[in-house]
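Each chain is listed here by its residues.
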Amino acid sequence: MRSDIPYTIKRSRRRTIGIEVTADGVLVRAPQRASTGEIQRAVASAEGWIEERMKRLEGEQQRAVRAGLLSEEDIARLTARAKEYIPGRVAHYAPLIGVEPGRITIRKQKTKWGSCSSKGNLNFNCLLMLAPSEVIDAIVVHELCHLKQMNHSKKFYDEVLRVFPEYRKWNKWLRDNGGVLMQRAGH
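Everything quoted here is computed from the prediction, not taken from an experiment.

In this section: the pattern of salt bridges. Under the counting rule described, the total for this entry stands at 10 salt bridges. A salt bridge links E60 to R53; the nearest nitrogen and oxygen atoms lie 3.8 Å apart. According to the relative accessible area criterion, E60 is buried, its value standing at 4%. A residue is classified by how much of its surface remains accessible, and R53, at 23% relative accessible area, is partly exposed. Where E159 meets K148, a salt bridge forms, and the shortest distance between an N and an O atom there is 3.3 Å. Placement of E159 in helix α5 (residues 154-163) and of K148 in the loop between α4 (133-145) and α5 is noted, with a sequence separation of 11 residues between them.

Applying the stated rule across the entire model yields three aromatic pairs. Every member of this aromatic cluster is reached through a ring pair, and the members are F156, Y157 and Y167.

Turning to the side chain of D137, a few remarks are in order. Within the secondary structure layout, D137 lies in helix α4. D137 gets classed as buried once you look at its relative accessible area, which sits at 8%. Ignoring sequence-local partners within four residues, the contact set of D137 consists of R89, Y93 and F164.

Alternating positions in strand β6 (residues 122-125) separate into two faces, L122 and F124 on one and N123 and N125 on the other, with burial throughout. Alignment of strand β4 (residues 104-107) against β6, held across four bridges, turns out to be parallel. Within β6, the residue paired with T105 across the bridge is N123. Two strands pair when backbone bridges link them, and strand β5 (residues 114-116) and β6 are joined in this way by three bridges, in the antiparallel orientation. Each residue of the ladder has a partner; that of C116, found in β6, is L122. Adjacent in sequence and paired antiparallel, β5 and β6 are bridged by five residues, among which G120 carries a positive phi angle near 90°.

This brings us to the environment of E38. Residue placement: E38 occurs in helix α1 (residues 36-45). Assessed through its relative accessible area of 38%, E38 is described here as partly exposed. Between the C-alpha atom of E38 and that of N123, which follows or precedes it by 85 residues, the distance is 35 Å. Among the polar contacts listed, one links the side chain of E38 to the backbone nitrogen of S35, at a separation of 2.7 Å.

Thresholds, definitions, all that
- Residues numbered from 1 in each chain as written.
- Predicted model: local features only at pLDDT ≥ 70, side-chain atom pairs only at ≥ 80, totals over all residues.
- Heavy atoms only, no water.
- Salt bridge = Lys/Arg side-chain N within 4 Å of Asp/Glu carboxyl O.
- Buried < 20%, exposed > 50% of the residue type's maximum accessible area, 1.4 Å probe, protein only.
- Helix = DSSP H or I, 4+ residues; strand = E, 2+ residues; numbered from the N terminus.
- Phe/Tyr/Trp six-rings, centres within 6.5 Å; stacked < 30°, edge-to-face > 60°.
- Contact = heavy atoms within 4.5 Å.
- Pairing = 2+ DSSP bridges.
- Polar contact = N/O pair within 3.5 Å; in protein donor to acceptor, adjacent residues only side chain to side chain.

Structural data, given as structure tokens:
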């Protein structure tokens, strides 16, 4: 079983083969010891998903062009707005969750909306400022809850939903529309 889909391989110390579809093409992340045959089989078995993802990405790119691509000036303005707005949302939700976050960083990220380090520092994507305020709150609560649970277990999501009951609705909004927001920034 061979796939005709062109792809790039990036080897690392990971344990499993992962496939990512981006505007730059298909990237296969593979363990150092994975054979060429194993990688080819993984790509071939994911061919339907890859093609579907490529179609979706093309649609997102077209929607992004219609909505307007962002200049570096636009990104700088979004970053400045996010630096004013997001720390206030963190300050609002942190006591409700019972956590004390460390440093808050805002920047343009290519694939993530937010992250939480093991030291308690939070990172947020400036492109969140293009989303409804409820989406920003959903991401803020998600990352703050990681200060209690550094995983995506049932216990983690129970805490997220306790603090922000509409989380699933706004997370779905981001899944449905986030690709277009990323594409507007040239990702």
